[in-house]
Amino acid sequence: MSQALKGVRAGSHNAAVPYPTYTAVSLYAGAGGLDWGFSQAGFKLLWAIDSDRHAVETYKANLGEHIVCGELPGDAPSGDLRPDLVIGGPPCQGFSVIGRMDPEDPRSRHVHSFLDVVERLEPRAFCMENVKALAEADRWAPVREALVQRAKELEYQVELMVLSASDYGVPQARERMFLVGVRGGTPLCPVPTTKGEPPTVREALSRLPVFGKPGNATVSTAKVVPAAKPVMRPSAHKGSLLFNGSGRPLQLDEPAKTLPASMGGNATPIIDQEELTAGAKPWVVGYHARLRKGRSPDKQAPRRMRRITVEEAAALQSFPSEWKWRGPQGAMYRQVGNAVPPVLAERVAISVYEALQVIDDQHTEAAPANAAGMMPAANQAAII
Ligand SMILES: C[S@@+](CC[C@H](N)C(=O)[O-])C[C@H]1O[C@@H](n2cnc3c(N)ncnc32)[C@H](O)[C@@H]1O
């Protein structure tokens, strides 16, 4: 039986049509990127949790007071909650390709804790987000097989999808795993909206106030310094390491590379201010060419080479520009880098919503309705 309430859906569909509002509980909610997407698609968040107090403050400032600051698995939600959906992005450092890839890493336990909550709350569906490596790396096969097997034993039909954010309206080539389970129905995969013509860094940043003005002034103090021993590849942007740290210059006419949670210091991507605002040729291209001719590395980079601001990082993650960030600067960068891009989250959320509606329509109508714009996940190339 559907527990849906009647409401008006705020997502991308016809807002004049009354849609049911499904309820959700969110685990490891962070700053709320995933939750924003689900609330836009018509889910009502009943309860959320995260252990980072700054992220919780950010969440409250944008999404509401229903989040608590606490530690899972100990502070798990009450069994009295009976949401339609459980969502969450358990910590992924243990699974990340840039992390230590340690199966014993306690942070890797959280994916199982997520399903413990699913087992207890018995939602109609769940959606767990994580890094692509958990879906694809050989060494994580036992973990993902255990997750899928357990979800099946809990009577969910499950699909494991890897989605590229830049195919869904996000100016970032971020690939993420989504494990979606639906009881009594089929998970649907969101149809790409911008495949082949992804939004670019330039488009996203052009919507922000000028660098240094209110709304675009939260900038890392990490200096951009040319590397004393640069790593040279044929292209200035692709593979070369010309500066201190892992932060690289962004290519303005492409989606950004994946923004890491470690932003704030030397891992913060770099932008060429004159290229952005005056259409100048990227400084790094000329510098790379000079190095290739045998010139010594520069001692300092020109001022036009700077780190991206928190607001720019948030725009590249597709957060609404009015999003309020809380906490010290390093905490803000971390929250941004940790988040599911909200616009990608909304597309996934709509597909979960539609899957629930198909089930409800089957219960109320003789002829089952087809979910517009969706296809069974099993028909999608991105499905593992
Ligand atoms: C990948 S981030 C989630 C990002 C979030 N889904 C979003 O879209 O903004 C993982 C989150 O798990 C939180 N976390 C880590 N360990 C936790 C624990 N034991 N209990 C609760 N939250 C935890 C971190 O603070 C972090 O915000």
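Since this is a predicted model, take the numbers as computed values, not measurements.

Asks: For this particular structure, what's the right way to read the overall build of the protein chain?
Replies: Helix and strand counts for the protein chain come out as 11 helices and 14 strands. The buried share of the protein chain, taken over its 384 residues, is 46%. Taking all contacts inside the protein chain whose residues are at least 6 apart in sequence as the whole, residues at least 24 apart take part in 68%.

Asks: In this structure, what is going on with unusual backbone geometry? I would like to understand it.
Replies: In this chain, Leu72 is followed by Pro73 through a cis amide linkage whose omega measures 5°. Here Pro73 is to be found in the loop between β4 (67-69) and β5 (85-88). Even without glycine at this site, Tyr28 takes up a positive phi of about 55°. Relative to the helices and strands, Tyr28 resides in the loop between β2 (18-27) and α1 (33-40).

Asks: I keep staring at the packing of α1 against helix α11 (residues 342-364) and nothing clicks. Help me out?
Replies: For any two helices packed against each other, one specifies the inter-axial angle together with the distance between the axes. The contact between α1 and α11 brings their axes to 7 Å, and the two run at 45°. With respect to α11, the axis of α1 lies oblique. Where α1 crosses over α11, the two elements pack in a sense that is right-handed. Of the residues in α11, those touching α1 at Gly33, Leu34, Trp36, Gly37, Phe38 and Gln40 are Pro342, Ala345, Glu346, Val348 and Ala349. Residues belonging to the contact of α1 with α11 are distributed by class as follows: 7 nonpolar, 3 polar and 1 charged.

Asks: What exactly am I supposed to notice about the pairing of strand β6 (residues 125-131) here?
Replies: The side chains of a regular strand alternate, residue by residue, between the two faces of the sheet. Of all 7 residues in β6, 7 are buried, a share of seventy percent or more. As paired strands, β6 and strand β8 (residues 175-182) are joined by 7 bridges and run antiparallel to one another. Residue pairing in the sheet places Met128 in a bridge with Leu179 of β8.

Asks: Hey, could you run me through helix α10 (residues 329-338) in this one?
Replies: Spacing of three or four residues puts side chains on the same side of an α-helix, whose turn is 3.6 residues. In terms of burial, α10 is largely enclosed, as 8 of its 10 residues are buried. On the buried face of α10, the contacting elements are α2 (53-63) and α9 (310-316).

Asks: It is not clear to me how the site of the ligand should be interpreted in this structure. Could you clarify?
Replies: What surrounds the ligand is a group of 20 residues, the closest being Gly30, Gly33, Asp52, Gly89 and Ala339. Of all the elements in the fold, those that place two or more residues in the shell around the ligand are α1 and β3 (43-50). Split by residue class, the shell around the ligand holds 11 nonpolar, 6 polar and 3 charged.

Asks: Looking at this structure, I do not really get the pairing of strand β10 (residues 226-231). What am I missing?
Replies: Taken across its 6 residues, β10 has 0 buried, putting it largely on the surface. Bridge count for β10 against strand β11 (residues 241-243) is 2 bridges, and the pairing is antiparallel. Bridging across to β11, Val231 finds its partner in Leu241.

Asks: Where do I start with the environment of His54 in this structure?
Replies: Looking at where His54 falls in the secondary structure, it is placed in helix α2. His54 sits in the partly exposed class, given 19 other C-beta atoms within 10 Å. C-alpha separation for the pair His54 and Gly327, spaced 273 residues apart in sequence, amounts to 5.0 Å. Discounting chain neighbours no more than four positions away, the residues touching His54 are Arg326, Gly327, Ala331 and Gln335.

Rules behind the numbers
- Residues numbered from 1 in each chain as written.
- Predicted model: local features only at pLDDT ≥ 70, side-chain atom pairs only at ≥ 80, totals over all residues.
- Helix = DSSP H or I, 4+ residues; strand = E, 2+ residues; numbered from the N terminus.
- Buried ≥ 20, exposed ≤ 12 C-beta atoms within 10 Å, placed from the backbone.
- Contact = placed C-beta atoms within 7 Å.
- Axes fitted to C-alpha atoms, helices over the stretch in contact; angles between N-to-C directions.
- Parallel < 35°, antiparallel > 145°, perpendicular 65-115°, else oblique.
- Left-handed = near helix turned anticlockwise from the far one by under 90°.
- Nonpolar A, V, L, I, M, F, W, Y, C, P; charged D, E, K, R; others polar.
- Pairing = 2+ DSSP bridges.
- Near = placed C-beta within 6 Å.

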